Amino acid sequence: MARNDLQGSLDLLVLKTLSQRNKLHGYGIVLHIQSASDELLQVEEGSVYPALHRMEQSGWIISEWAMTETNRRAKYYRLTAAGRKQLHEAEENFDQLVKGVRTMLRYA
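Residues numbered from 1 in each chain as written. Predicted model: local features only at pLDDT ≥ 70, side-chain atom pairs only at ≥ 80, totals over all residues. Heavy atoms only, no water.

Student: I tried to follow the environment of His32 on my own but got confused; where do I start?
Tutor: Mapped onto the fold, His32 is located in helix H2 (residues 26–36). Discounting chain neighbours no more than four positions away, the residues touching His32 are Thr17, Gln20, Arg21 and Leu24. (Helix = DSSP H or I, 4+ residues; strand = E, 2+ residues; numbered from the N terminus. Contact = heavy atoms within 4.5 Å.)

Listed below in structure tokens is the structure:
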């Protein structure tokens with residue numbers, strides 16, 4: 001897969017996670033993706049934080065500082081209306097990518 005496809009998939013995974021869990025910190029997002037995928041997807045924290053920053057700059061998510069359950073200060077992220085719209089578009093684009101790959105594998 002091209003780097004843009006992988007980056008787009010990471011955005012999709014993060015946006016989907018935030019749509020399901022409402023508000024999470026970066027490490028919580030990593031853990032949710034791994035858990036929800038039955039450990040099939042291993043996302044590095046070093047990839048998630050730049051993606052979160054980029055998505056925040058795009059207006060797809062917003063953040064606020066709060067205390068974690070272990071009493072540490074962490075930045076929590078939430079989806080915006082623009083993020084919900086982007087999630088919908090990303091899901092449609094991913095479905096088309098999967099459809100195209102399946103078709104290619106079937107007939108190639």
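Student: Help me understand the nonpolar core, please; the structure alone is not making it clear to me.
Tutor: Nonpolar side chains tend to gather and get buried jointly when the protein is soluble and globular. Formed by 20 residues in total, the largest nonpolar core has its most connected members in Val14, Leu15, Leu18, Ile29, Leu52, Met55 and Ile61. Mapped onto this core, the elements with two or more residues apiece are helix H1 (3–21), H2, helix H3 (45–57), strand S3 (73–79) and helix H4 (81–107). When residues of this core are assigned to their parent elements, the largest contribution, five residues, is made by H1. Not counting residues up to four positions away in its chain, the partners in contact with Leu52 are Val14, Gly26, Ile29, Ile61 and Tyr77. (Core = buried A, V, L, I, M, F, W, Y, C linked by side-chain atoms within 4.5 Å. Buried < 20%, exposed > 50% of the residue type's maximum accessible area, 1.4 Å probe, protein only.)

Student: In this structure, what is going on with H2? I would like to understand it.
Tutor: An α-helical segment advances 3.6 residues per turn. Residues three or four places apart therefore align on the same side. Among the residues of H2, Gly26, Gly28, Ile29, Val30, His32, Ile33 and Gln34 are the ones counted as buried. Just downstream of H2, Asp38 is the residue with a positive phi angle, here 55°.

Student: Please clarify how the side chain of Thr17 should be interpreted in this entry.
Tutor: Within the fold, Thr17 resides in helix H1. For Thr17, a relative accessible area of 3% puts it in the buried group. Aside from chain neighbours lying at most four places away, what touches Thr17 is Asn22, Leu24, Ile29, His32 and Ile33.

Student: Just to check I follow, could you spell out the pairing of S3 for this structure?
Tutor: Along any regular strand, the residues point their side chains to alternate faces of the sheet. Pairing geometry for strand S1 (residues 23–25) and S3, over three bridges, is antiparallel. Note that in S3 the partner of His25 across the bridge is Tyr76. Sheet analysis places strand S2 (residues 61–67) next to S3, joined by seven bridges and oriented antiparallel. Across the sheet, Ser63 pairs through a bridge with Tyr77, a residue of S3. Here S2 folds back onto S3, and the loop between the two strands holds five residues, one of which, Asn71, carries a positive phi near 65°. (Pairing = 2+ DSSP bridges.)

Student: For this particular structure, what's the right way to read the sheet that holds S1?
Tutor: Paired through backbone hydrogen bonds, the strands of a sheet run either parallel or antiparallel to each other. In space, the three strands of this open sheet follow the order S1-S3-S2, with antiparallel pairing throughout. The two strands at the open ends of the sheet, each matched to only one other strand, are S1 and S2. Mean inter-strand twist for the sheet, computed between neighbouring axes without regard to direction, equals 35°. Lying on the sheet, H2 is in contact with S1 and S3; it crosses S1 at an angle near 105°. (Axes fitted to C-alpha atoms, helices over the stretch in contact; angles between N-to-C directions.)

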